[in-house]
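Chain and residue survey
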Amino acid sequence: MSLVAELRRRNVFRVAAAYLVVGWLLTEVLTTILPELGAPAWASRAVILIFAFGFIPAVVFSWFYELTPEGIKREDEIGEGERAKTRASKVLDHITVIGVIVLVVFVGLFSARQAGEYSDAPDTPVSRASVAVLPFVNMSNDEDNEYFSDGLTETLLHMLAQIPDLKVAARTSSFAFKGQNKSVMEIAAALGVAHILEGSVQRAGDNVRITAQLIRASDGFHVWSSSYDRELENIFEIQDEIAQRVGFELSESLLGDKGRELGGIRTTNPDAYDLYLQARRELVTFSYGGLQAAEDLLKGALLIDPDFIEAKTELAASYIHQLETGLMERAEAFSEIVAITGQVLEVEPENVKARALSTFVSAMARAADGDATAILASVDTLEVLLAEAPDELQLRLLLTRAYQHGMQPENALPLLETALQRDPFNPQIHYELGTLYLRLEQWDDARASLEKSLEIEPRQPNAYTNLAVISLQAGDGVGYVQQFIKALEADPRDHELPGLLAEFLYRLDLLEEGDDFRNRVMTIAPTSGVAYRTELLRAKLSGDAEAADASARKAIENDIEDRRFAYQGAVQYLLRAAIRKGTVSEQIAWLEAQEPGIFDIESDSVPQKRRVSQGIALDAWYATLPREEVLRRMDILLEKGKAIGFDHTDDPYTHLNVLAMRGQVEEAIQVALDEIFTRSVAINPGWRDTFAQAQYADIVADERVQAAMRRWEEEEESLRAEVQSYLADLQAAG
């Protein structure tokens, strides 16, 4: 008997066919389902290997054994008569046929499902002329050299981005894959690029070895690779060489030209470059500690190389963040930024980043001095600059702030959405989107953006404080405290964080708990605005009117900065106390003596600090001046606000106050019931003082408003108990 006939007699062919069909079917099913169930990537590969390695044993097994009605028997134990009765061959035939039918049905259904899912998806092919520069791996023994390898990556990114028609994935999105065990194909797909540039850096003393390779993502083919052994003093030459070589390869093979000369970071001093890279690393969290460290490092770099343009623009941009976080006072920040950008523009008049910083800060300074339209006027210039450099994130952020200052937050949203499309893993963009959604009161979107930002970079104190605000909107006082404690852990140097938490606790009548956090403020920054603010609130809570009056007067006399309602809060307290005591005229005279022109509403050029104080003074004017005069002054303020895009109906309390002063009681009651009392008492901590003012007397007398106020009192009591219990448990747990 021939071998083929014997194989057929022993059903080896049928077993092999059945194994292949069933194995193929199970492989298709399992490799499709396992990823959906969250199985690791190796699980699908394991399934394929198991079936592949099992084929030979299955065929060998079928040679020696056969399936009979009595079970599995060795082939030599089966007689011819019994063999004739066996239905093993038919069983295998049935298995094969059924397997084929099931496989065809499964493949058909799966293909239909895939077609249904993606038929409406836009066709967005990846450009061949695209690359992502992954963080070069630090192979040095010293982990502190991580910033050096990251810096090399950033410089290469910067240089490659200068090639026309070459799409380069943004720095933060590329860095999001640092340390992740992802394949080149996965990373390229996530970033939407066709090539990956990766490498490693090994630094030992003054020597450095750099390897780099350009990989085509579709097949993993190395388009180009090279290694460099150099002395550290030649690091800039190495960067130029790598970038030029990669640029040449991409330009020649993908863009159809011979490439171009690329410019890197403009310093030739490795020590200055070292400090610059360390500063960039410190800036990622925008915390007090990080901003202070970055400032010191950038100044150190400029002491070594005074002509280091990138260090200058980075320093100027960092002062914007110092101003926003309260680390630097407004006047100092403005003068420093204008001076630094002026130095840059003397050398490079067309430097877009320096021009944008100078434009924005100059407008902010004019607005602070009383030019209410200055920021709106800067928008046109910033829009032109952004058109010149659409990939420059700093320009988008400055224009976003200009829109928000001009009461046009909706215009800022497309700017940030476009930035996110360009750089989807940038925590700063997610953070900026979160704060913008907060401004637009889109709470769910704000939470999602802020949480995504923290997922990428968890050391951001300001992201936690904004999540705290969202918690408060929902009446979650414990959540507010929890988020602030996380912020304090992320940035223990920020004196405003414990101050804001102390203010919240004082307004809940939790004196001892508030003192714990106020003590931190007095230790870190005893003369800061938030220190004055908490001192005043503590005196009020303690019932010490004399101490509260002294605290408020000291804030005015020292002309503290108008931050966190510290200055205006002092003005408000003094005027409302004067209303109760019947000494409004005397108090206004004292305030005008301290701050000449503070209540000059007629002037078109009034510093922001004074203009806000004028709105606060409406309570006192209503209690002492004829109604016609009060309304005249209020209308002047409303017109001046309208000129800069402010609509008083957008803010429920301002809207209520305007209606109350005009005597439109029923309309005011509806605003109170529909727009104020529908919100949590947690975001209305000073409501008792507000509704105690004379203009609200008829509104408060309404039964519906009284019922709403009783609900708030009950909610406030519950909120106080929850927060107090949480803090007690926290203290007990150590």
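In this text, all values refer to a predicted model and were calculated from it rather than measured experimentally.

1. Description of the pairing of strand β6 (residues 195-204)
Counting buried residues along β6, seven of its 10 residues qualify, which places the element largely inside the surrounding structure. Sheet topology note: the strand β3 (residues 130-133)/β6 ladder contains three bridges and is parallel. When the bridges of β6 are listed, V133 appears paired with L197. The sheet contact formed by strand β4 (residues 137-138) and β6 spans two bridges and is parallel. Following the sheet pairing, N138 is matched in β6 by V201. Bridge count between β6 and strand β7 (residues 207-216): 10 bridges; the pairing is antiparallel. Paired with L197 across the bridge in β7 is L214. Counting the residues in the hairpin turn of β6 and β7 gives two residues, including G205, whose phi is positive at 65°.

2. Brief notes about the environment of H321
Position of H321 relative to the elements: it lies in helix α12 (residues 309-325). For H321, a relative accessible area of 10% translates into the label buried. Once the C-alpha coordinates of H321 and A333 are considered, the two residues, 12 residues apart in sequence, prove to be 9.6 Å apart. Sequence-distant contacts of H321, defined by excluding residues within four places in its chain, comprise F286, L291 and Q428.

3. Let's talk about the packing of α12 against helix α14 (residues 352-368)
Where α12 meets α14, the axes come as close as 10 Å, and the angle between the chain directions of the two elements is 30°. Between α12 and α14, the crossing angle belongs to the class labelled roughly parallel. Between α12 and α14 the crossing geometry is left-handed. Residues T313, E314, A316, A317 and I320 of α12 lie in contact with α14, whose contacting residues are K353, A354, L357, F360 and V361.

4. Observations concerning the side chain of E314
Mapped onto the elements of the fold, E314 is located in helix α12. By relative accessible area, which is 12% here, E314 ends up buried. In contact with E314, other than residues within four places in its own chain, are Y276, R280, L283, L298 and K353.

5. Describing the side chain of R720
Position of R720 relative to the elements: it lies in helix α35 (residues 703-732). For R720, the side chain forms a polar contact with the main-chain oxygen of L508, separated by 2.6 Å. For R720, the contacting residues outside a window of four places in its chain are L508, D509 and L510.

Reading guide: rules and limits
- The residue numbers shown here count from 1 along each chain, following its written sequence.
- Local features in this predicted model are restricted to residues whose pLDDT is 70 or higher, and side-chain atom pairs enter the listing and the counts only when it is 80 or higher, whereas totals over whole chains, interfaces and linings include all residues.
- Only hydrogens and water are set aside when side-chain values are computed; all heavy atoms of the structure are taken into account.
- Throughout, exposure labels follow a simple rule: accessible area from a 1.4 Å probe, protein chains only, divided by the maximum for the residue type, with under 20% read as buried, over 50% as exposed, and the rest as partly exposed.
- Only DSSP runs of H or I covering at least 4 residues are called helices, and only runs of E covering at least 2 are called strands; the numbering of each starts at the N terminus.
- Criterion used throughout: strands pair if DSSP finds at least two bridges between them.
- Whether two residues are in contact is decided by their heavy atoms, any of which lying within 4.5 Å being enough.
- Axis definition: a line fitted to C-alpha atoms, over the contacting stretch in the case of helices. Angles run 0 to 180 degrees between N-to-C directions.
- The scheme is simple: roughly parallel for angles under 35 degrees, roughly antiparallel for over 145, roughly perpendicular for 65 to 115, oblique for anything else.
- Handedness of a crossing is defined here by the sense of rotation of the near helix relative to the far one, left-handed for an anticlockwise turn of less than a right angle and right-handed for a clockwise turn.
- Under the rule applied, a polar contact is a pair of N or O atoms within 3.5 Å (in protein, one hydrogen donor and one hydrogen acceptor; residues adjacent in sequence only if both atoms are side-chain atoms).

Structural measurements only, silent on function.
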